[in-house]
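Fold and contact review
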Amino acid sequence: YLVVFNETADEVAASFEIDGETIGLDAAKGPLTGDSLMGWIARHQQPLLFANLPSDITQYNNMQWQQWGEQISRSWIGVPLIAGDGSIRGVISIQHTDIGKYSERDIALMQTLANQLAVAVENARLYGDAQLRLQELGLLNRIGSLTSSTVDLVGILREVFRALKTVLALDVFY
């Protein structure tokens, strides 16, 4: 299970769940709750390991967990995806129905994987930001061309409105 947070790490921006052959996208989206397993990992930026999740979770006051799928997860590991600047970008977890399936060594492996995923998530975010910036610069260039090519104010405003609609959600322009 993988969740990706928005930049302020207070909301799940995307989630991916694989249960056997079933893939779920955005199963969990929205505000990140502090009393959830993912919320705890995000807040503390530390991994969690449970040998028997239903009984071990009681050592964390008011910690909530949600069962995915038909079977109860007993063994559980969750690790943070931490970007190079130290900010949290998400959490990845693995689960098994047997008790005591994972160890500290498995946490180390998962943390290495999480570090790689954090780089990929950050690169995707930066790429999206760059694409948005290119759209904005293209818009400004188009508007600049319009304003220098005609003196028809109504025509300019009409074209500016059309250009703005390509990058912004708007119904009215005045």
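Residues numbered from 1 in each chain as written. Predicted model: local features only at pLDDT ≥ 70, side-chain atom pairs only at ≥ 80, totals over all residues. Heavy atoms only, no water.

Let us look at the overall build of the protein. Looking only at helices and strands, the protein has 4 helices and 7 strands in total. From first element to last, N terminus to C terminus, the protein shows the α and β order β-β-β-β-α-β-α-β-β-α-α. By the compact-globule yardstick of 16 Å for 174 residues, the protein is too spread out, its C-alpha radius of gyration being 23 Å. Principal axes of the C-alpha set define a box for the protein whose edges measure 75 × 35 × 30 Å. Put simply, the protein has 174 residues, and 34% of those count as buried. Looking at the protein alone, contacts between residues at least 24 apart form 47% of all its contacts between residues at least 6 apart. (Helix = DSSP H or I, 4+ residues; strand = E, 2+ residues; numbered from the N terminus. Rg over C-alpha atoms; globule rule 2.2 N^0.38 Å. Buried < 20%, exposed > 50% of the residue type's maximum accessible area, 1.4 Å probe, protein only. Contact = heavy atoms within 4.5 Å.)

Turning our attention to the nonpolar core. Grouped together as the largest cluster of nonpolar side chains are 18 residues, with contacts concentrated most on V3, F5, L37, M38, L48, F50 and W76. Those elements giving two or more residues to this core turn out to be β1 (2–5), α1 (37–44), β5 (48–50) and β7 (88–96). In terms of residue count, the dominant contributor to this core is α1 (5 residues). Residue contacts for W76: discarding those within four places in its chain leaves L37, M38, I41, L48, L49, F50, L53, S93, I94, Q95 and Y102. (Core = buried A, V, L, I, M, F, W, Y, C linked by side-chain atoms within 4.5 Å.)

Among the surface-exposed residues, L134, L137 and L140 lie close enough to one another that they form a single nonpolar patch of about 300 Å² accessible area. As for its position among the elements, L140 is in helix α3 (residues 104–149). (Patch = residues over 30% accessible without salt bridge, like charges linked within 9 Å, V, L, I, M, F, W, Y side chains within 5 Å. Areas by Shrake-Rupley, 256 points an atom, 1.4 Å probe, with all protein chains shown as cover. Salt bridge = Lys/Arg side-chain N within 4 Å of Asp/Glu carboxyl O.)

On to the pairing of strand β6 (residues 75–82), then. Burial runs high along β6: 7 of the 8 residues are buried. Across 3 bridges, the pairing between β5 and β6 is antiparallel. Considered in β6, the bridge of L48 is made with G78. Relative to β7, β6 is paired through 8 bridges, and the arrangement is antiparallel. Bridging from a neighbouring strand, L81 pairs with G90 of β7. Two successive antiparallel strands, β6 and β7, enclose a turn made up of 5 residues, where G86 displays a positive phi of approximately 90°. (Pairing = 2+ DSSP bridges.)

All chains considered together, the criterion is met by 4 salt bridges. A salt bridge links E122 to R89; its shortest N-O distance comes to 2.6 Å. Residue E122 is located in helix α3, and its partner R89 is located in strand β7; the two are separated by 33 residues in the primary sequence. For the pair formed by E122 and R89, the shared burial category is buried.

What follows concerns the confidence of the model for the protein. When pLDDT is averaged along the protein, the result is 82; 91% of the residues meet or exceed 70. Mean pLDDT across the secondary structure elements of the protein bottoms out at strand β3 (residues 22–25), with 69, and peaks at β5, with 94. (pLDDT = per-residue confidence, 0-100.)

Mapped onto the fold, S75 is located in strand β6. There is a polar contact of 2.8 Å between the side chain of S75 and the backbone nitrogen of K101. Beyond its immediate sequence surroundings of up to four residues, S75 is in contact with F50, A51, I94, Q95, H96, D98, I99, G100, K101 and Y102. (Polar contact = N/O pair within 3.5 Å; in protein donor to acceptor, adjacent residues only side chain to side chain.)

Let us look at the environment of V121. Positionally, V121 belongs in helix α3. Once the C-alpha coordinates of V121 and I82 are considered, the two residues, 39 residues apart in sequence, prove to be 9.9 Å apart. Apart from the residues lying within four places of it in its own chain, the contact partners of V121 are V4, L81 and R89.

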